[in-house]
Structures are given as structure tokens and as C-alpha cells.
Amino acid sequence: MKNSTSAAPAPQVPAPLKNAPSRTEPRPERSTGSRAGELVQRQGVLAVLLTVILIASSLYPTFASLDNARGVTVQASFLAIVALGMTLVIITGGIDLSVGSVFALGGVLAAWASQWGFLAALLVPLVVCGAIGLVNGLLIARANMAPFIVTLASLLAARGILLAFTDEGATTYLVPKDSAFAELGQGSVWGFGYPILIALVLFGAGGLLLQRTSFGQTLFAVGGSSDAATLMGLPVARTKILVYTLSGLLAGLAGALNAARLSSGVTIVGVGMELDAISAVVIGGTLLIGGAGSISGTLWGVLLLAVIQNLINQIGSLNSSYQSVVSGGFLIVVVVAQRYLARSRRTT
């Protein structure tokens, strides 16, 4: 006897409609205004820098001299190294207010340790300043504390350690003359000082790290949305800890190089340096809210601030306070432009 129940026919999958849109359909081309906005955000500071250099060179012949260029770039190299670490922090949506005090502390520790040789003069400030950055990262990433509060406390703590170590600034540690460590800050290759070359190497490595590695892409994801990055399985906490540790290390390294150049650990340096670093980063096109930025933009921002300061010195009738006024004006213009460009990209 045959089974009266026959197998149900397999459901037929309807054929895809010919006119249905494909999921791999290319995205609509961005408007010209959107592309222009991104270009201005990324390279606008370079155009301003070149314009200022051309105007200054035409007005003051000494500005375009090679000796003046060397002086400007050497002075800018220390801020550039600090701003490099600040760039990574701001891209993740954070802030580091401790770098100025850490910079000064690194210089004093390097000068103190230089009596035991080159390696001690470098390792001591790197270890101590890196540890300060590590503590900042742990408190921010693991304890979910606000970066502003944590790094402000570190600013005060590092300055306090500095004053206690130098007897309220009464003791100045000197770097031995003709030592290898002093040569690191005062020597040169083809007329350009070692701090300049070190800064360029670090910026090259930072650019590769940010654009060519998964760690760099994680920085942008964390800055864009920390919650979304967590849902994607990205190591958000570890990334934040690493960037604050790197910021402390770079600030300590810059301080050590500055001590080698000055042959002493000066206690009054670094005051307000964190604001200069933030200004250079933001002027260079990195968004304060995080998620967007570039290493090259920060370099142009640092050079622009250094050129403005040098131009004010060339004028002679203006004091250094005007440099802060001009830098603040640039910062306001850039922040307003960033808000306008971000709004225009959302509407296109």
C-alpha cells in the first residue's frame, strides 16, 4: 500500500527582480562642496603656512635665511614631539593637560641622570613620564574618569614632583659638557640639529602608525564612537591606555632633548605648553571631538605657530604676548570652520 502522504514540495525562492537595486551598488558620488571641505580641513593649514612664509620672506629678508630656518625648526621640534602624542589622544576623543608639566619633569630628570651616562639620561625620564601617562590611561579607560580631570590632576602632580625634586626650584641640575647626551641636543647633521631629525622620524612613524596599521584605524573608531567600537569588538580600553602612555613618553622625550640642548634641567619651562600643543593639533585639522585628524596636519600647525612667533620677533616692536593673541585668533577661526564643514558634510 502506497503512503498517502507525499513529501511537500520545496518552497520556490523567487528570482530576484531585474530592476531591484544591488547591494554592491556604488555609493552616490560626493558633492564638490563636500570634497572641497575635506580638502580644506586637511590641507588648509599648509596653504596658510606657505602664505605666511611668502609674506614674511618678502617683508624681512633675514626671515628667509638658512640660519633663521634652522632656529625656527629647532625651537618647533620640542613642541612637535609633544603635539604628536597629543594628536593621538585627541583623535580618540580625549585630552591630555599634563604634557607641559611632564615635559619640564622629563628635562630635570634627564639632567639629573646625565651624570651616569647617556642611557640613564634617556631612560629615567622615559620611564617616569611613561608611568605618568600609564596612570592617566588606566584611570580614564578602566575607572571611566573624565580625561580633563585626570590629566589636570597629573599636571599638578608632575609639577609638584618637579618642585620637590629641585628644592622648590633652588637646585638646577647640569648636563656634563662634551657628553654624548649634550651632543644629542646640540649636535647637527648637514646643519640641522638632532632634535629636528628625531622629530621628523617620529612624525614619519606616527603617520605610518595612524594610516597603515589596524591600531591607527582603531584610534579613529574609538574617537568616532567608543560604544560602537566596543560593540565591534575593538580593544577600546587598551587603546586609550596606550595613547596616554605614548603621550607621556613623547612629552618626557621632548623634555630630555630640551635639557640636552640647554645643558641643564630648567624648572620653569613647559608652562602653558599643553595649550600650545592642543592649538597646533586643532589648527592642523584634528577634531576636538575625536574621530578625525592627521599627523601631517599637526606638523603644519606646529610650524605655523613657530613661524608666527618668529615673525613677531622679526617685527621687533611687538612683544611675545602678541603671538598668543594671533594663535588664539587662528584657533577660533579653525574651530568655527570645522563646525561649518562638519555641518555641511552632514547635509550633503
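Keep in mind that this is a model prediction, so the values were computed, not measured.

> Please give an account of helix H7 (residues 194-212) that cites residues and values.
The end-to-end C-alpha separation of H7 is 26 Å, in line with the 27 Å expected for 19 residues at 1.5 Å each. Contacts from the buried residues of H7 go to helix H2 (66-91), helix H6 (180-186), strand E2 (192-193), helix H8 (214-224) and helix H12 (295-315).

> Lay out the packing of helix H3 (residues 99-113) against helix H10 (residues 236-262) in plain terms, naming residues and giving numbers.
The geometry of H3 relative to H10 is characterised by a closest axis approach of 7 Å and an angle of 50° between their N-to-C directions. As far as their axial angle goes, H10 and H3 are oblique. The element H3 and its partner H10 pack so that their crossing is right-handed. In contact with Val 99, Val 102, Phe 103, Gly 106, Gly 107 and Ala 110 of H3, H10 contributes Ser 247, Gly 248, Ala 251, Gly 252, Ala 254, Gly 255, Ala 256, Asn 258 and Ala 259. Split into classes, the residues belonging to the contact of H3 with H10 amount to eight nonpolar, seven polar and no charged.

> Can you explain the packing of H7 against H8? Please cite residues and give values.
One way to put it is that H7 packs onto H8 with a least axis distance of 5 Å and a crossing angle of 70°. By the angle class used here, H7 and H8 are roughly perpendicular. Across the interface between the two elements, Leu 209, Leu 210 and Gln 211 of H7 pack against Phe 215, Gly 216, Gln 217, Leu 219 and Phe 220 of H8. Of the residues contributing to the contact of H7 with H8, the split by class is five nonpolar, three polar and no charged.

Reading the values: the criteria
Residues numbered from 1 in each chain as written. Predicted model: local features only at pLDDT ≥ 70, side-chain atom pairs only at ≥ 80, totals over all residues. Heavy atoms only, no water. Helix = DSSP H or I, 4+ residues; strand = E, 2+ residues; numbered from the N terminus. Expected span 1.5 Å × (residues − 1). Contact = heavy atoms within 4.5 Å. Axes fitted to C-alpha atoms, helices over the stretch in contact; angles between N-to-C directions. Parallel < 35°, antiparallel > 145°, perpendicular 65-115°, else oblique. Left-handed = near helix turned anticlockwise from the far one by under 90°. Nonpolar A, V, L, I, M, F, W, Y, C, P; charged D, E, K, R; others polar.

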